[in-house]
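Per-entry structural report
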Amino acid sequence: MSSSITPARKRLMKDFKRLQEDPPQGIMGAPVENDIMTWHAVIFGPEGTPFEDGAFKLTLTFTEDYPNKAPVVKFVSRVYHPNVYKDGSICLDILQNKWSPTYNITGILTSIQSLLDEPNPNSPANAEAAQLYRENRREYERKVRDCVEESWSSDEEEEEDEDEDGQDGDDDDDGADGDAPDADKPDAAEQ
Amino acid sequence: MSEGKDEVNRDQEIMAQMDAIKKEVAESAPLMSDVMDTSTLLAEYGDPLFTTKIKSMLDAFPKMRKTRGDGNCFYRAYAYGIAEHFAAHKDKLPGFLETLKQTFDMALAAGYPEFTAEDFYETVQEQFARLKDEPMEALHATFNDDGLSNYIVAYFRLVTAAHMKTHVDDFLPFLEGGETVAAFCARAVDPFGVDCEHLQIIALTQALGVAVNIAYLDRSAGETAAQHVIPDGQEPLVFLLYRPGHYDILYPPPAVAHT
């Protein structure tokens with residue numbers, strides 16, 4: 001069974017092909033080498049917003065339940081935003097209770113891109129950012145500009161930060177439904 | 001990233017918890033069980049009201065088949081029931097496959113992207129087409145294969161939402177609090193694992209042209225389980241048992257008991 005190509009992997013390859021053929025503006029993404037279940041992506045801050053010129057890196061972690069279950073999406077770059085937690089995870093309904101299997105990677109990334117300039121202050125993941133967004137837009141934008149600047153500079157360090165989430169204590173989420181170690185190999189050849 | 005974690009991502013925690021619960025359910029029950037005696041339900045209830053209602057159903061529905069309780073049970077049980085019907089009436093299968101094709105066109109018309117919708121459609125079309133020359137046992141395996149079975153559920157959800165979105169005037173009057181059909185679908189149809197309620201059942205059965213008879217085993221008054229056919233007035237091809245929050249399949253006497 002595990003050597004045949006699973007629906008999740010088939011769909012991810014299709015998502016990849018689609019993203020390459022028809023990339024939306026300001027978005028890049030690709031699976032990491034030899035592991036179609038883990039993706040790296042970059043979202044460029046939309047023009048005319050405080051996030052303009054930012055290049056924010058993310059990771060997307062898929063399970064075999066994709067597309068019936070949303071991937072875990074996290075910013076690797078620091079993002080100062082009302083709906084982004086300190087650990088980089090994102091509070092966005094389509095990644096949680098409104099996920100639908102008809103969404104795809106392009107849709108996820110474009111939704112996150114629009115979220116940058118259209119925060120939802122009612123479900124704050126970063127209370128300070130939410131408060132500044134409402135009450136002191138100038139200071140909010142200054143803090144956003146800081147993370148925009150950081151987003152170009154600290155490439156190497158951030159690459160290493162990625163594995164941190166393994167030690168958060170609650171391993172039952174990623175740990176349990178993560179890939180079996182042997183499940184990584186077969187698809188590389190299928191490409 | 002080093003300022004400490006005063007704000008934790010609760011959504012992620014809640015989702016992890018829900019996943020753990022779902023996993024537990026998954027390990028304790030197959031997606032679709034084998035056929036069993038409906039009387040086995042008696043052992044699940046001590047309540048005299050339920051006992052009386054179950055006994056009242058035994059002549060009409062001596063056999064049943066259980067569906068895993070994962071929020072997708074109506075869609076899965078209904079799809080399974082349809083497959084069983086056409087496995088037993090192969091002459092009518094081509095008509096149903098044609099209806100399926102029309103539902104795909106409808107999904108595109110409703111604005112679902114072809115790029116993602118076609119995967120679900122193709123899986124359903126391919127699996128149901130197997131019934132031309134394969135027995136129901138083959139599809140029983142399909143319905144118990146996570147990947148294939150969940151694609152069938154995903155497609156039936158898509159058809160439900162697409163039918164509502166292309167028949168807004170029929171459904172809008174039943175929505176509460178000024179909710180739009182699109183918002184209703186995004187909340188209560190599209191997300192995988194969200195329970196199916198009356199409106200969704202109406203939409204799906206209309207779209208597929210397969211009526212369902214539902215026996216209600218609940219706390220409502222009466223000594224027998226109430227039964228309703230949806231859509232009203234059509235001959236039901238699939239029989240389901242409703243218990244609050246859950247659906248299983250029922251079989252009338254010459255039971256189509258394949259497994």
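What counts, and at which threshold
- Residues numbered from 1 in each chain as written.
- Chains lettered and ligands numbered in written order.
- Predicted model: local features only at pLDDT ≥ 70, side-chain atom pairs only at ≥ 80, totals over all residues.
- Heavy atoms only, no water.
- Phe/Tyr/Trp six-rings, centres within 6.5 Å; stacked < 30°, edge-to-face > 60°.
- Helix = DSSP H or I, 4+ residues; strand = E, 2+ residues; numbered from the N terminus.
- Lys NZ or Arg CZ within 6 Å of the ring centre and 35° of its normal.
- Salt bridge = Lys/Arg side-chain N within 4 Å of Asp/Glu carboxyl O.
- UniProt positions renumbered as here; feature names shortened; annotations may be inferred.
- Contact = heavy atoms within 4.5 Å.
- pLDDT = per-residue confidence, 0-100.
- Core = buried A, V, L, I, M, F, W, Y, C linked by side-chain atoms within 4.5 Å.
- Buried < 20%, exposed > 50% of the residue type's maximum accessible area, 1.4 Å probe, protein only.
- Pairing = 2+ DSSP bridges.
- Axes fitted to C-alpha atoms, helices over the stretch in contact; angles between N-to-C directions.

In this structure the tally under the stated criterion is 23 aromatic pairs over all chains. Between the aromatic rings of Tyr216(B) and Tyr242(B), the centroid separation amounts to 5.5 Å while the plane-to-plane angle is 55 degrees, which identifies the pairing as tilted. Here Tyr242(B) lies in strand E5 (residues 236-243) and Tyr216(B) lies in strand E3 (residues 211-216), a separation of 26 residues in the sequence. Taken together, the ring pairs connect Phe74(B), Tyr75(B), Tyr78(B), Phe156(B), Tyr216(B), Tyr242(B) and Tyr247(B) into an aromatic cluster. If you follow Arg137(A) out to its NZ or CZ, it ends over the ring of Tyr133(A), 3.8 Å from the centre.

The full count for this structure, using the stated rule, is 21 salt bridges over all chains. Asp87(A) serves as the salt-bridge partner of Lys74(A), at 3.6 Å between the closest nitrogen and oxygen. In this pair, Lys74(A) sits in strand E4 (residues 72-75) while Asp87(A) sits in the loop between E4 and helix H2 (105-117), placing the two residues 13 residues apart along the sequence. A salt bridge links Glu150(A) to Arg78(A); its shortest N-O distance comes to 2.9 Å. Of this pair, Glu150(A) sits in helix H4 (residues 137-153) while Arg78(A) is found in the loop between E4 and H2, placing the two residues 72 residues apart along the sequence. Sharing partners across several salt bridges, the network here consists of Glu44(B), Lys66(B), Arg243(B) and Asp248(B).

What follows is about the UniProt feature "active site" (unreviewed entry) in chain B. All names here are of chain B. The feature "active site" (unreviewed entry), as annotated in UniProt, sits at Asp-70, Cys-73 and His-246 in this numbering. The greatest C-alpha distance among the annotated residues, which extend across 177 residues, is 8.8 Å, indicating that they converge on a single site. Structurally, Cys-73 is set in helix H3 (residues 73-88). Look past the residues within four positions of Cys-73 in its chain and what remains in contact with it is Thr-67, Arg-68, Gly-245, His-246 and Tyr-247. By the element assignment, His-246 lies in strand E6 (residues 246-251).

Residue and element names in this part refer to chain A. Of the residues in chain A, 78% reach a pLDDT of 70 or more, and the chain-wide mean stands at 82. Element-level mean pLDDT values for chain A span from 40 in helix H7 (residues 186-190) up to 97 in strand E3 (residues 55-61). Counted against residues more than four places away or in other chains, residues 156-191, with its pLDDT under 50, gives 38 contacts.

This brings us to the nonpolar core. Ranked by size, the top nonpolar core spans 67 residues in total, and within it Tyr78(B), Ile82(B), Phe128(B), Tyr155(B) and Phe156(B) carry the most contacts. When neighbours within four sequence positions are excluded, Tyr78(B) is seen to be in contact with Phe156(B), Leu204(B), Thr205(B), Leu208(B), Val210(B), Val212(B), Val238(B) and Leu240(B). Of all hydrophobic cores here, the second largest spans 41 residues; its members include Met37(A), Phe51(A), Val84(A) and Val148(A).

Attention shifts here to the sheet that holds E4(A). Residue and element names in this part refer to chain A. As summarised here, the arrangement of the 4 strands in space is E1-E2-E3-E4, forming an open sheet in which the pairing is antiparallel. Edge positions in the sheet fall to strand E1 (27-32) and E4, since each has one partner strand and no second. Within this sheet the neighbouring strands show an average axis-to-axis angle of 20 degrees, counted without direction. Two strands pair when backbone bridges link them, and strand E2 (residues 35-44) and E3 are joined in this way by 7 bridges, in the antiparallel orientation. Bridging from a neighbouring strand, Ile-43 pairs with Phe-56 of E3.

Next up on the list: the environment of Phe74(B). Residue and element names in this part refer to chain B. Along the chain, the position of Phe-74 falls in helix H3. Assessed through its relative accessible area of 1%, Phe-74 is described here as buried. Note: C-alpha distance between Phe-74 and His-246 (172 residues apart in sequence) is 7.3 Å. Sequence-distant contacts of Phe-74, defined by excluding residues within four places in its chain, comprise Cys-196, Ile-201, Leu-204, Ile-214, Leu-240 and Tyr-247.

Moving on to unusual backbone geometry. Residue and element names in this part refer to chain A. Cis geometry is adopted by the peptide bond preceding Pro-67, which originates at Tyr-66 and carries an omega value of 5 degrees. Structurally, Pro-67 can be placed in the loop between E3 and E4. One non-glycine residue with positive phi stands out, namely Asn-34, at about 65 degrees. Looking at the secondary structure, you find Asn-34 in the loop between E1 and E2.

Turning our attention to the UniProt feature "active site" (unreviewed entry) in chain A. Per the UniProt entry, the sites bearing "active site" (unreviewed entry) are Cys91(A) in this numbering. Within the fold, Cys91(A) resides in the loop between E4 and H2.

For sheets, the rule is that strands pair by backbone hydrogen bonds, running either parallel or antiparallel. All names here are of chain B. Spatially, 6 strands are ordered E1-E2-E6-E5-E3-E4 in an open sheet, and the strand pairing comes out mixed. Looking at the sheet topology across the chains shown, the edges are occupied by strand E1 (32-37) and strand E4 (226-230). The sheet shows a mean angle of 30 degrees between the axes of neighbouring strands, taken without regard to direction. Strand direction decides the pairing type here: E3 and E4, joined by 5 bridges, are antiparallel.

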